[in-house]
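Fold and geometry: a report
These are the residues of each chain, in order.
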Amino acid sequence: MLEGLLTALAEIAAPAPLFVILTGTALGLLVGALPGLSSPMAIIVLLPITYKMETLAAFQLMVGIYVGTKLGGSYASILLRTPGTPAAACTALDGFPMAENGRPGEAIGYSVMASTAGGLVGWLAAVSFVPFIASVALHSEPADIALIGIAGLVLVSAFVRGSMVRGLIGVLLGLLIASVGFDVQDGVERYSFNNPMLSSGISFAAVLVGFFGLTVVLADLDMVGRSSELVSTKLDTKLPRFIDFFKRWKAWTIGTAYGVVVGAIPGVGADGSTWLSYATVRNQSKDPPPEAFGTGVPEGILAPESSNNATTGGTMIPMLTLGIPGDASTAIMLGAMVLHGLSPGVTLMQDNAPLVYGILAAILVANILMFLIGWSASRAFIMVLRRDRALLFPFIIVFASIGAFAADNDVFPVYVAIVCGVAGYFLEKRGFSVVTIVLGAVLGPIIEYNVRLGLAYSAGEWSVFTDTWPRKVLVAVIALLIVNEVIRAFRSRGETRRPAAPEAGPEAERKKELQHTGRK
Amino acid sequence: MRKIHMLPAVLALAGVMAAPMPVVAGDYPSDTVRIVVPWRAGGGTDTIARGLAAAMENIAGKAVVVDNLTAGGGNAGHVHVKKAKPDGLTMLLNGSSDLNSPIIFRNVPYALEDYACVGAIYQTPTWILAHKDQDMTDLGQFLERAKAEPGKLTVGVGSLISAHYVMAAALLGKNDVNARVIPFDGGGPLKKAILGNQVTIGVIHAPVLLDAVKKGDVNVLAAGGSLEGINYEPVRGTKTIDAYNTPVKIGVTRGLFVPKDTPADVIADAAALLEKAAMSDDFKAFGEKFGFAPIWWDGETFCDFLQSENKEYRQIKADFID
């Protein structure tokens, strides 16, 4: 295990891979810094380029983008109060006030330090757990995979913007998209309407391009011609002194821990972990007192920023060992694996160990490069915030269309992408999250296939889903999650009737608003 | 004077212009050749196509490109070649059973009659594998166990639309045993199930899992055709399913197709190039790496084979599947 990782690290320390990762990380910082553009979209746009690359290089590029956007997102949160990415929305709570108080460089410095620390610890978690879980997962059976997938879907719908009903509707829409086409087990064609292009299902790449590429552009059209006013133009990163950073260890260790754990839970990702860690750090804090949060305390930056970078390591665990995505970006990476002729899943580690270690090594390198760029060159990335990003839209549309076309070498997926893009735009306007749809479309087939395979193995006995201890635990977790959500739904309905609900108030409003602006 | 000098010049010019004329027919290919593969890059057929394209390029001196037109479960690639200009520059590379199975089991927008055969270059039989913990070394043991425990044993197949499924159905039907056939989502997941000992036996294209066979983790119980051509001596003598009441040949013969209206002389030119490429040292070296030696069948033999395979599969479908 250690040998595989060391080999991968030795191979990565060459000009070509380092250049690829550096490009990816820089691009990620740039894309992350621009509100509205985030890592799933950047990876989607680059998909057609990665088709022609070596498999490992393609994933090194994607990993670079993935890691870079997590820090880049905080730039906009701090300087504009408009989150650059959904995962950075929480950072605006304390980052923006700190910048307003004339300390923007310091705010970015805390963000760079926390992101790096979170990223490195997340990486450590990934390299410690991936080989172990991969070896356990090799003995997994379809019933296990099905239950993990179901638990992931329930979590996805529970975490998205607080409304489980909307989350569930999104997930179900995704399941519906995924059910189109030839059914592997019975040989029945579903919802294909005798159209030969639909008979084998809707291209996953086209769905992604539509929801993450075109929807984003449509949603941002109202920003055309507008450039943003930065809170300050004194932008040199001021890294905190080590003592200032380490004496606030509680904030970033809690953030990191949440990031790793939430990242590793299939489907949830960084958007959820930042708010969780922020709330925990604030509630446990004595100095500064909880009331001080929101006025620009360093802890309010350290917690979410360490958390969102820590998820990059966490999400690798289910992605590389089970073939189940931890968030939207890893869902796309899994799709890219299929396009590169790999079969993600429990055998990935066995069949392609060099690739798995190569990806893990790339995460480490990307985090180090991210630190170096953030430390020395943040200024360049912040300057783009003042430009009109509408210039990018035509390129995004062109590259996204090429991505949809190239997945199948056909025009049909481009039409699918356009339909998904327009539908996604209206759904986002109505408060649904396209992430839930995409994850439904990714996890749906995995769940269906494994549920039915599990039943085929057991000759139709449903007890196969509870006949081992791990499965009993998973079923209990799923049941608890659903019951918990149902109870919460009933309670909050009761609360909305009362005017002074404890959950409401200015801060909850602010959170809602930030989450909304960051989503696009 | 001038006129006298002009005449040889004119003649020479005419000669230059005329010279290539008779060669045109033999000048195939006149442009880049596109080999359309209706399956994803990285799969078995695609790997063979790329090996073949490299060999063809060396001989023809023109570019030979592989295009994976996979949309609609391969429909796009099949339809593209069906409608292509019949100039021999756009060809379909597909396996016999991979072409026949969708035609027989699904509603697809193409038929055998839409294509003319150029020739076949590669033949691999299907084989039946079992994990070593199943303690079986030949198919007879499986059939006996299946008789003793009806409905208990499982047979994994890569897809419902495949030679594997036809083979499983024929084998169980002809021997009148009851085991559960479990369709997987392709060869990859089936490989995992065989390696994880989750199915009693698995039906899959040879030489898939040859490494596990060499290591002794997986046993070869029988094959859908002769394994003589495989580059691993110990399994060459594996019994075919003929020995188990199932006198059919099941496997995949990969070859090239052109649109049905392609002129006979163009097909002949393409076939000549293909035969040279298939028998070249380049392609033989590729075959050595892939697991089987290349073959050469002319278009007529290949087309006759496709027709008889189609009839055989339809019979099995009528007898044991419908």
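Residues numbered from 1 in each chain as written. Chains lettered and ligands numbered in written order. Predicted model: local features only at pLDDT ≥ 70, side-chain atom pairs only at ≥ 80, totals over all residues.

Some thoughts on the overall build of chain B
Applicable threshold: The secondary structure listing takes helices from DSSP runs of H or I that are at least 4 residues long and strands from runs of E that are at least 2 residues long, numbered from the N terminus. Three exposure classes are used, all based on how many other C-beta atoms lie within 10 Å of a residue's own C-beta (placed from the backbone): buried at 20 or more, exposed at 12 or fewer, and partly exposed between those limits. Whether two residues are in contact depends on their C-beta atoms, placed from the backbone: they are in contact if these lie within 7 Å.
Looking only at helices and strands, chain B features twelve helices and ten strands. For chain B, the C-alpha atoms occupy an extent of roughly 105 × 40 × 30 Å along the three principal directions. In chain B, buried positions account for 48% of the 322 residues. Residue pairs at least 24 apart in sequence account for 78% of intrachain contacts in chain B once pairs closer than 6 positions are excluded.

So, the overall build of chain A
The criterion, for reference: The quantity called the radius of gyration is restricted to C-alpha atoms. Its globule counterpart is 2.2 Å times the number of residues to the power 0.38.
Counting its secondary structure elements, chain A contains 22 helices and two strands. The C-alpha atoms of chain A give 22 Å as radius of gyration, which agrees with the globular expectation for 520 residues (24 Å, within 12%). Its C-alpha atoms give chain A principal-axis dimensions of roughly 65 × 60 × 50 Å. Taken across its 520 residues, chain A has 60% of its residues classed as buried. A fraction of 79% describes how many contacts in chain A between residues 6 or more apart in sequence connect residues 24 or more apart.

Some words on the interface of chain A and chain B
This is how the line gets drawn: Just so you know the grouping, Ala, Val, Leu, Ile, Met, Phe, Trp, Tyr, Cys and Pro go in nonpolar, Asp, Glu, Lys and Arg go in charged, and all remaining residues, Gly too, go in polar.
Listed per partner, the contact involves 23 residues of chain A and 25 residues of chain B. Where the side of chain A that touches chain B is concerned, the elements lending two or more residues are helix H19 (412-429) and helix H20 (434-457) of chain A. For the side of chain A that touches chain B, the element with the most residues is H20 of chain A, which contributes four residues. The residue makeup of the side of chain A that touches chain B, split by class, is twelve nonpolar, eight polar and three charged.

Description of the pairing of strand E7 (residues 201-205) of chain B
A regular strand carries its side chains on alternate faces of the sheet. Residue and element names in this part refer to chain B. In plain terms, the rule: For two strands to be treated as a pair, DSSP must find at least two bridges joining them.
Taken across its five residues, E7 has five buried, putting it largely inside the fold. Looking at chain direction, strand E4 (residues 115-131) and E7 are connected through four bridges and run antiparallel. Following the sheet pairing, Thr126 is matched in E7 by His205. Across three bridges, strand E5 (residues 154-157) lies against E7 in parallel orientation.

Focus: the environment of Leu171 of chain B
Residue and element names in this part refer to chain B. Its location among the elements puts Leu171 in helix H7 (residues 163-174). In sequence terms Leu171 and Val248 are 77 residues apart; their C-alpha atoms lie 9.6 Å from each other. If we skip the residues at most four places from it in the chain, Leu171 touches Ile241, Tyr244 and Thr246.

Thoughts on the pairing of E5 of chain B
All names here are of chain B. Put simply, the rule is: Call a crossover right-handed when, viewed with both strands pointing away from you, the route from the first strand across the helix to the second goes clockwise.
When E5 meets strand E6 (residues 180-183), the two strands line up parallel, connected through four bridges. If you follow Thr154 over to E6, its bridge partner there is Arg180. One crossover worth recording links E5 to the parallel E6 by way of H7, and it is right-handed.

As for helix H3 (residues 44-60) of chain B
To keep it simple, the criterion reads: Each helix should span, by expectation, one fewer than its residue count multiplied by 1.5 Å.
With 17 residues, H3 of chain B extends 24 Å between its outermost C-alpha atoms, agreeing within 8% with the 24 Å of an ideal straight helix rising 1.5 Å per residue. All buried positions along H3 of chain B are accounted for by Gly44, Thr45, Asp46, Ile48, Ala49, Gly51, Leu52, Ala53, Ala55 and Met56 of chain B.

What to know about the confidence of the model for chain B
All names here are of chain B. For clarity, the threshold we go by: As a per-residue measure, pLDDT reflects the predictor's confidence and takes values from 0 up to 100.
Mean pLDDT over chain B: 88, with 92% of residues reaching 70 or higher. Looking across chain B, the model is least confident in helix H2 (residues 20-23), with a mean pLDDT of 40, and most confident in strand E3 (residues 90-95), with 96. Throughout residues 6-25 the model reports pLDDT below 50, and contacts reaching past four residues in sequence, or to other chains, amount to two contacts.

A look at the packing of H3 of chain B against helix H11 (residues 281-290) of chain B
All names here are of chain B. Filter applied, for reference: Interaxial angles span 0 to 180 degrees and are taken between N-to-C directions of axes, which are lines fitted to C-alpha atoms, for helices over the stretch in contact. Any angle that is under 35 degrees is reported as roughly parallel, and any over 145 degrees as roughly antiparallel; angles of 65 to 115 degrees are reported as roughly perpendicular and all others as oblique. Crossing handedness is defined as follows: a turn of the near helix away from the far one that is anticlockwise and smaller than a right angle gives a left-handed crossing, while the clockwise case is right-handed.
Orientation of H3 relative to H11, taken along the N-to-C sense of each, is 160 degrees, at an axis distance of 9 Å. The orientation of H3 relative to H11 falls into the category roughly antiparallel. Where H3 crosses over H11, the handedness of that crossing is right-handed. Packed against H3, whose contacting residues are Thr47, Gly51, Leu52, Ala54, Ala55 and Asn58, the element H11 presents Asp282, Phe283, Phe286 and Phe290 at the interface. In the contact of H3 with H11, the residues fall into six nonpolar, three polar and one charged.

Thoughts on unusual backbone geometry
That bond from Asp287 of chain A to Pro288 of chain A is cis: its omega, 0 degrees, falls within 30 degrees of zero. Looking at the element boundaries, Pro288 of chain A is found in the loop between helix H12 (270-284) and helix H13 (299-322). Here Ala206 of chain B and Pro207 of chain B are connected by a cis peptide whose omega angle stands at 5 degrees. The residue Tyr191 of chain A is not glycine, and still its phi comes out positive at about 50 degrees.

Some words on the packing of helix H3 (residues 39-51) of chain A against helix H9 (residues 204-219) of chain A
Residue and element names in this part refer to chain A. Across the interface, H3 lies against H9 with an axial gap of 9 Å and an inter-helix angle of 120 degrees. Overall, the two elements H3 and H9 adopt an arrangement that is oblique. Judged by the sense of rotation from one axis to the other, the crossing of H3 with H9 is left-handed. Seen from H3, the contacting residues are Pro40, Met41, Ile44, Val45 and Leu47; seen from H9, they are Ala205, Leu208, Val209, Phe212, Gly213 and Val216. Class assignment of the residues belonging to the contact of H3 with H9 gives a composition of ten nonpolar, one polar and no charged.

Overview of the confidence of the model for chain A
Summary statistics for chain A give a mean pLDDT of 85 and a share of 92% for residues scoring 70 or more. Of the regions scoring below 50 in pLDDT, residues 497-506 of chain A engages in four contacts with residues more than four places distant in sequence or in other chains.

Structural notes on the nonpolar core
Counted only if it meets this: Definition of nonpolar core: a set of buried Ala, Val, Leu, Ile, Met, Phe, Trp, Tyr and Cys residues joined via C-beta atoms within 7 Å.
Counting residues in each nonpolar core, the largest one holds 270 residues, and the members touching the most others are Val207, Leu360, Ile363 and Val438 of chain A together with Met91 and Leu129 of chain B. Top contributing element to this core by residue count: helix H6 (residues 104-137) of chain A, with 16 residues. Once you skip the residues sitting within four places of it in the chain, Met91 of chain B turns out to touch Val33, Ile35, Val36, Val81, Val118, Leu256, Phe257 and Val258 of chain B.

Concerning the environment of Val475 of chain A
All names here are of chain A. Tracing the backbone shows Val475 in helix H21 (residues 469-497). C-alpha separation for the pair Val475 and Ala151, spaced 324 residues apart in sequence, amounts to 8.2 Å. Sequence-distant contacts of Val475, that is, excluding residues within four places in its chain, are made with Leu147, Phe465 and Thr466.

Observations concerning helix H5 (residues 96-105) of chain B
Residue and element names in this part refer to chain B. Across the ten residues of H5, seven count as buried, placing the element largely inside the fold. Listing the buried residues of H5 in full gives Ser96, Ser97, Asp98, Leu99, Asn100, Ser101 and Pro102. Check the buried side of H5 and you find it contacts H3, E3, H7, strand E9 (251-259) and helix H12 (299-321).

Digging into the environment of Gly28 of chain A
Residues and elements named next belong to chain A. Note on placement: Gly28 falls in helix H2 (residues 15-33). By C-beta crowding, Gly28 is classed as buried, having 33 other C-beta atoms within 10 Å. Measuring from C-alpha to C-alpha, the distance between Gly28 and Thr321 comes to 25 Å, with 293 residues separating the pair along the chain.

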